[in-house]
Amino acid sequence: MAQLTYREAVAAAMAQEMRRDPNVVFLGEDIAAAGGVFKTSVGLLEEFGADRVRDTPISEQAILGATMGAAMTGLRPIAEIMFSDFFAVCWDIVANEMAKTRYMTDGQVTLPLVIRSGNGGGSRFGAQHSQAVENWAMAVPGLKVVAPALPGDVKGLLAAAIRDPDPVLFFEQKSLYATKGEVPDGEYVIELGKANVLRSGTDVTIVALALMVPRALKAAEQLEAEHGISATVVDLRSLVPLDTQTILAEVAKTGRMVTVEENPRLCGWGAEVSSIVAEELFWDLDGPIVRVTTPHIPLAAADSMEDAMLPNADRIVQAVRQLVD
Amino acid sequence: MSIVAKFQIECFSCIDADGHAVAELPEFALDRDVLIELYRWMVLTRAFDERAITLQRTGRLGTYASSLGQEAVGVGLAHAMLAEDVLLPSFREHGAQLVRGVTAGEILQFWGGDERGSDFSGPRSDFPVSIPVASQAAHAVGAALAFKLSKAQRVAVAVLGDGATSKGDFYESLNIAGAWNLPVVFVVANNQWAISVPRADQTAAATLAQKAVAAGITGLQVDGNDVVVVRKAVSDALEQARNGSRPCLIEALTYRLSDHTTVDDASRYRDDEEVSAHWQAEPIARLRKHLIAVHGWTKEEESDLVELCAAEVDESADAYLAESPQPPETIFDYTYASLPQSLVKQRGELLALLKDADNGTEHEQ
Ligand SMILES: Cc1ncc(C[n+]2csc(CCOP(=O)(O)OP(=O)(O)O)c2C)c(N)n1
Ligand SMILES: [Mg+2]
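Quantities reported herein were computed from a predicted structural model and do not represent experimental measurements. (Residues numbered from 1 in each chain as written. Chains lettered and ligands numbered in written order. Predicted model: local features only at pLDDT ≥ 70, side-chain atom pairs only at ≥ 80, totals over all residues.)

### A few points about the site of ligand 1
Residues in contact with ligand 1 amount to 21 residues; listed here are only the nearest, V133(B), G161(B), G163(B), A164(B) and A194(B). Residues lining ligand 1 come from chains A and B. For the shell around ligand 1, the residue count by class is 11 nonpolar, five polar and five charged. (Near = placed C-beta within 6 Å. Nonpolar A, V, L, I, M, F, W, Y, C, P; charged D, E, K, R; others polar.)

Right under this line is the structure:
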């Protein structure tokens, strides 16, 4: 086990897979010489050379279109979209093309590609560089959607995403890049679509993703220490596939669920999880399902305003106390 | 075989790096006062950049993109525009914005994350800074369409970087501008770098100006460190566009002497020697040399001007720092013309939470 940052874990996973499979190539803006604007690919150019680690012009449509074409022609490409907001620039290729091609070729064409992207808020990047867009991706049939919170999961899940035969959108939370955690040495792969129960409690199940995971854990500690409330924390890690089994099992045990989402409220992933829980577990619930989200607004760049909008531990504590007390 | 199309790209300059006139100067450039005015805007822009970086380094401004070395592009193009024209800037055109009448305080507010900074007190029709690279090219097409339909004698001026010319929306915009013959001028500030990607890796085309050829619009290059030729070329292009004859793309050759932004460290990907060489051609020193040689610009005049610019920037920075932040609920108030009923509850909940936090409940991120 090594202590790595989240951003180092990104590079470690790509290096692991590039060593293993010469068909894995990596392309994106400022990823080679600069090692990525978030320094998530430091060392890759040096180790794998400019043929496999390619700086592109500023051409998001061509980057993803080429990623798709290369994946259909024997490569296993990883593309980087620097800020996930800029998926909007090239969404045709993702939503209309990558997601549909397997089905529209009767299953004969496979698209083993990954699109990595810096996602989410908390870093003062303003309304057009801070969006948590995993729910855009979740809404499109044919895509897999992964969003890890912990450096170890970054390595294992990114490796799995690269090996996966389908297009995977891999959302890295920008405000987590500097966080550190245990990352297993050597080859490490985690199956996609398995949620992780980070903490077991008896009163309430908090379901979270990405940046909201550390905040949910902090809230759980506070609830325990200050209010005698015992909370389970589930890190979904992946939205498609969604580990409904773990969600249902963990909510059934406590009888209460609070989802914590970074995305703006309307049609966030928590709404989907809530509807599943409502349908499947209605008679086991001891209280209403509660969603804690960013309000339905664009994020501000100013720190005080951004902090006021994103769910934090205090808000989670408050929501849980209203539900449990 | 027959040749069905042929093109050439002309590159213009007026004043070289030593301050010498290398072509017949346009009328305005014979006027000492006009040259001093252009000079003052460039010096002010540089002083502004310096101050902004200091504010960022001391935690009082967000990430900031300096225009160091490219002042002649923004100042030259904005000085050529009429008040009723519309500027659609990239994030590096502080000089252009200042000349257009956006205040230094507003620019600081913008980079400080305060959206009031895009509510310009001066040029009300100018567009806010465009963050998704190249998107302003398409907006400019729309603005130009509005001018054309209303028969207004106005021109839209979009400023983009060299990297922006690799984007699909850039090509699409040039194409529509040509097909519809719209009153629009595209200025490409080719500063040789797009974050870490050098111009040579951006495209195999010999010039960026020639991208105009495929769209059937005028394309030319100018020395973008020569404020006189920038002003002249943009002025001619505006005239042409205003008469409804043809849209234009001007590639201004300059150099990004700074890091990409305050979070970038260009030494990771770019040699210091390259940067030092480009300092020899920067725009302010050359105009100063020209002013000294041709117009008897004195040391006293120089120091007075530098002092005045510093004072102006100081005043703006002080005012910016004295401003209290906007209350968070303004995000709700400004996201829709009127807040949909279904979102009113969320606004109320947010206000209640903030009130709780103020009342001393534990407070952290
Ligand atoms: C659509 C889009 N892709 C990527 C980015 C990230 N980005 C911001 S600035 C920049 C480089 C721009 O280079 P250039 O157009 O040459 O302008 P310069 O920064 O040199 O002024 C990039 C890639 C963005 N803002 N928008
Ligand atoms: Mg550039």
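Anyway, onward from the coordinates.
### Some points on the domain arrangement of chain A
All names here are of chain A. Segmentation of chain A into domains returns domain 1 (2-183) and domain 2 (196-324). Listed by partner, the interface residues are 25 residues for domain 1 and 22 residues for domain 2. Elements that contribute at least two residues to the side of domain 1 that touches domain 2 include exactly α5 (134-138), β6 (144-146), α6 (151-163) and β7 (168-173). (Domains from an automatic or database assignment. Contact = placed C-beta atoms within 7 Å. Helix = DSSP H or I, 4+ residues; strand = E, 2+ residues; numbered from the N terminus.)

### Focus on the domain arrangement of chain B
Here the domain parsing of chain B yields domain 1 (11-322) and domain 2 (327-365). For domain 1 of chain B versus domain 2 of chain B, the distance between C-alpha centres works out to 39 Å.

### Topic: the interface of chain B and chain A
When the parts come together, some accessible area is lost, and that loss is often what is quoted as the size of the interface. At the interface, 36 residues of chain B touch 32 residues of chain A. Of the residues forming the side of chain B that touches chain A, the biggest block, six residues, is contributed by helix α14 (residues 341-358) of chain B. When its residues are assigned to classes, the side of chain B that touches chain A shows 17 nonpolar, 13 polar and six charged.

### Things to note about the sheet that holds strand β3 (residues 156-161) of chain B
Residue and element names in this part refer to chain B. Taken together, six strands build an open sheet; the order of strands is β1-β7-β8-β4-β3-β2 and the sheet is parallel. Taken across any chain shown, the strands that pair with only one partner, and hence form the sheet edges, are β1 (11-12) and β2 (86-88). When strand β4 (residues 184-190) meets strand β8 (residues 248-253), the two strands line up parallel, connected through six bridges. In the strand pairing of β8, V188 is matched with E251. Strand contacts of helix α9 (residues 227-242): β1, β4, β7 (218-223) and β8, with the helix running at about 175 degrees to β8, the strand carrying the most contacts. (Pairing = 2+ DSSP bridges. Axes fitted to C-alpha atoms, helices over the stretch in contact; angles between N-to-C directions.)

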